[in-house]
Amino acid sequence: MTVALALVLLLVLAVIAWGVGQAGLMRFLKSEERLERTVFALALGLGTLAYLVLALGLLKLARPTFLWGAAGTVGALALALVRPQLTWRKPKSEESGLGALLIAAGFGLVGLATLFGTLMPPTQWDELAYHLAVPKVFLREGRIFYIPYDHHSNFPFTLQMLYLLMLSAGSVLGAKLVHSLCGLLLVLAVAAFCKRHFGGGGAVAAGVLLASPLVLWEATTAYIDLGSALFVWLGFHALVNATEPPPAPREAGEGVAKRGEGWLLLSALCMGFALGTKATVLGFWGLCLLGILGWNLITERKWARETLSHAALWGSVSLGVGAIWYVKSWLFAGNPVYPFGYSVLGGRYWSAQNAAQYAAEQSKFGFGKGLGSLLLSPVRVSFEHFFAPPAGRAWSFTEQAMSGIDLGFVWLLALIPAALVVKKLPRPAVYAGLFAGGIWAFWFLTMQQGRYLIPALPCFAVVAGGAFSVSSKPIRAGMAALITLGVGWSVWSVSTARLDRVPDLIAACESINAGASSTEKVALFDEVRGYYLNREYVWAQPDHAEGLIPWDSYKNADDWLLDFKKRGYTVFLCGPSGGDDGRRWRQLFAEALSGDKIILTESFGRFKVYRVP
């Protein structure tokens, strides 16, 4: 029943999003490509619905009736609007017969393998700490509000708004399926791009993405990287479409603007939604803006009169759409990119010590910033689980690398044919390669986590698709064999990986839910994964919110516990100790424990539950 509910909710959400997106596309363009139009429509609809949920949450209407009522009403109006105007042409498939059947069967098997992982309960760290936990807190309160102990709650949260919508219907699996849908749309988007610009290579481009274990694994989680990559790619995709030669005179009046300007505006909307998924997208936004400003100079060796107006239109619309989240963070936390840039921008419940600790944790990922590290990074991130991390660093690039979940090798090997036919590569493939290079450079100079490279993968996939479209039959056969092998290896890697399993944490949370009254609150120590708690909780350590709890002002353990009782925190959930860091709270906790001022009620492996008598 739980799985059936999740699938039904996903279908309902997809239909509503498609209708909303189709209504929006009517104002921009009339693409004849069914696949391309469908992908853009669904993505636009999902972004619009996320912003609708945000608006209702800020209005303190984050309740199932209001959320689904509003979504259903908007969807019904949109579907009624677009139905009389839909005109479909029979799609021209680049594959036919047995080849098309084999491709469809292969992708179907990959989808089933991914679906199995998606329909498992969430266990990953970021899911339980904030991707799902924060929307659950919002839903419990019926509103979107400032959560001082969790700095992640001030990140751009477009995807998490859709998770909130699914959670409001009682389906955490539905929330995970939203991210799976984003992954599917990303695969279809690169195939549609290749079909439009190359007339072939779409299956190859899609296969490059599916051959990445990291992409497949992400599709089984309620993370947000695939959603971010989807909107980034569609922003770039539409921007490239806008550079096509102008349409014939009889086609020039599509919607409110010419087709090229329509694609430009559509690109801005998609990039705006991308800015609403992750602050790092600001770097990709800057790359695209530079591309618009330099486009005519690079391609035609002259300045075009409309360059500034196009750049201003694209930049203002994209920033206007994405800025909502940064304004929210500024109003809530006093810093639009909280908690980053603390030394300049400041921020509530943060400190120089917190900022330094946060930066130190992030700097542990990767292999450093030197030239040698840059040159070796493609190989290291592709075969990450074969490398030992340098001393003092986290496991190279990706948290899941030790389980074989890395970027994969297919994208890298698939670029070899592109190098062989580089002079014949279609221009759109070259543009994608340049954009991928910019993303890689930005990633290398910032935080080197493997999943932060996912936005570059669609670009590399398109380069491979472009190379396939102009290569000889032997090279095509080799690429097809490589991708088939890579997809199989990717599925095997994800299905056999031993990732986070948290039965002890879940058992501890369920014990608290059963034993604590509805008015009791829970304080978390050395643990932040509170999703499975059904009681109000706080991350009690000052590492997360300096000054939220006045640890340094407590005279002794009795003074601390008296204050916690007044605040309602009478149950403590403690994870594995991070060691004695000399902080005041650890001293008080040890004093209370030695004096029997707090009582250990239950232990679940490395997790302990205490109660204040």
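Residues numbered from 1 in each chain as written. Predicted model: local features only at pLDDT ≥ 70, side-chain atom pairs only at ≥ 80, totals over all residues. Heavy atoms only, no water.

S.K.: I'd like to hear about the nonpolar core, residue by residue, with values.
M.R.: One recurring pattern in soluble globular proteins: nonpolar side chains tend to sit buried together. Counting residues in hydrophobic clusters, the biggest one holds 206 residues, and the most contacted among them are Phe-525, Trp-560, Phe-564 and Phe-572. For this core, the leading source of residues is helix α8 (residues 172-197), giving 14 residues. Excluding anything up to four places from it in sequence, Phe-525 contacts Ala-540, Gln-541, Trp-551, Trp-560, Phe-564, Phe-572, Leu-573, Cys-574, Gly-575, Trp-585 and Phe-589. (Core = buried A, V, L, I, M, F, W, Y, C linked by side-chain atoms within 4.5 Å. Buried < 20%, exposed > 50% of the residue type's maximum accessible area, 1.4 Å probe, protein only. Helix = DSSP H or I, 4+ residues; strand = E, 2+ residues; numbered from the N terminus. Contact = heavy atoms within 4.5 Å.)

S.K.: Hey, could you go over the pairing of strand β1 (residues 521-525) for me, with residue numbers and the actual values?
M.R.: Of all 5 residues in β1, 4 are buried; the element is thus mostly enclosed. Pairing geometry for β1 and strand β3 (residues 569-574), over 5 bridges, is parallel. From the neighbouring strand, Leu-524 faces β3, where its bridge partner is Leu-573. In this structure, β1 lies alongside strand β2 (residues 537-539), joined through 3 bridges in parallel fashion. Counterpart to Val-522 in the pairing with β2 is Tyr-537. (Pairing = 2+ DSSP bridges.)

S.K.: Before we move on, can you summarise the side chain of Ser-318 with the specific residues and values?
M.R.: Here Ser-318 is to be found in helix α14 (residues 307-333). Taking the relative accessible area as the measure of exposure, Ser-318 reaches 0% and is therefore buried. A polar contact of 2.7 Å, which involves the side chain of Ser-318, links it to the side chain of Trp-285. Polar contacts involving the side chain of Ser-318 include one to the main-chain carbonyl oxygen of Gly-315, which spans 3.1 Å. (Polar contact = N/O pair within 3.5 Å; in protein donor to acceptor, adjacent residues only side chain to side chain.)

S.K.: Tell me what's going on with unusual backbone geometry, and back it up with residues and numbers.
M.R.: In the segment running from Tyr-338 into Pro-339, the intervening peptide bond is cis, with an omega of 5 degrees. Tracing the chain through its elements places Pro-339 in the loop between α14 and α15 (342-345). The phi dihedral of Asp-526 falls on the positive side, at around 55 degrees, and the residue is not glycine. Positive phi outside glycine occurs at Asp-596, with the angle close to 55 degrees. Looking at where Asp-596 falls in the secondary structure, it is placed in the loop between α25 (584-594) and β4 (599-604).

S.K.: Help me get a handle on the packing of aromatic side chains, residues and values and all.
M.R.: Any pair of aromatic rings gets described here by the distance separating the centres and the angle formed by the planes. For the structure on display, the rule yields 45 aromatic pairs. For the pair Phe-284 and Phe-442, a centre-to-centre distance of 5.6 Å together with 70 degrees between the ring planes defines the contact as edge-to-face. Here Phe-284, found in helix α13 (residues 281-300), pairs with Phe-442, found in helix α20 (residues 427-445); they are 158 residues apart in sequence, far enough to count as distant. By relative accessible area, Phe-284 is classed as buried at 4%. Here the aromatic rings of Phe-564 and Tyr-569 are separated by 5.8 Å at their centres, their planes lie at 55 degrees, and the arrangement is tilted. (Phe/Tyr/Trp six-rings, centres within 6.5 Å; stacked < 30°, edge-to-face > 60°.)

S.K.: Give me the packing of helix α9 (residues 202-210) against helix α21 (residues 457-470): which residues, what numbers.
M.R.: Where α9 meets α21, the axes come as close as 8 Å, and the angle between the chain directions of the two elements is 145 degrees. Where α9 crosses over α21, the two elements pack in a sense that is right-handed. Between α9, through Val-204, Ala-205, Val-208 and Leu-209, and α21, the contact on the second element is made entirely by Leu-457, Pro-458, Ala-461, Val-462, Ala-464, Gly-465 and Phe-468. Residues of the contact of α9 with α21, tallied by class, amount to 10 nonpolar, 1 polar and no charged. (Axes fitted to C-alpha atoms, helices over the stretch in contact; angles between N-to-C directions. Left-handed = near helix turned anticlockwise from the far one by under 90°. Nonpolar A, V, L, I, M, F, W, Y, C, P; charged D, E, K, R; others polar.)

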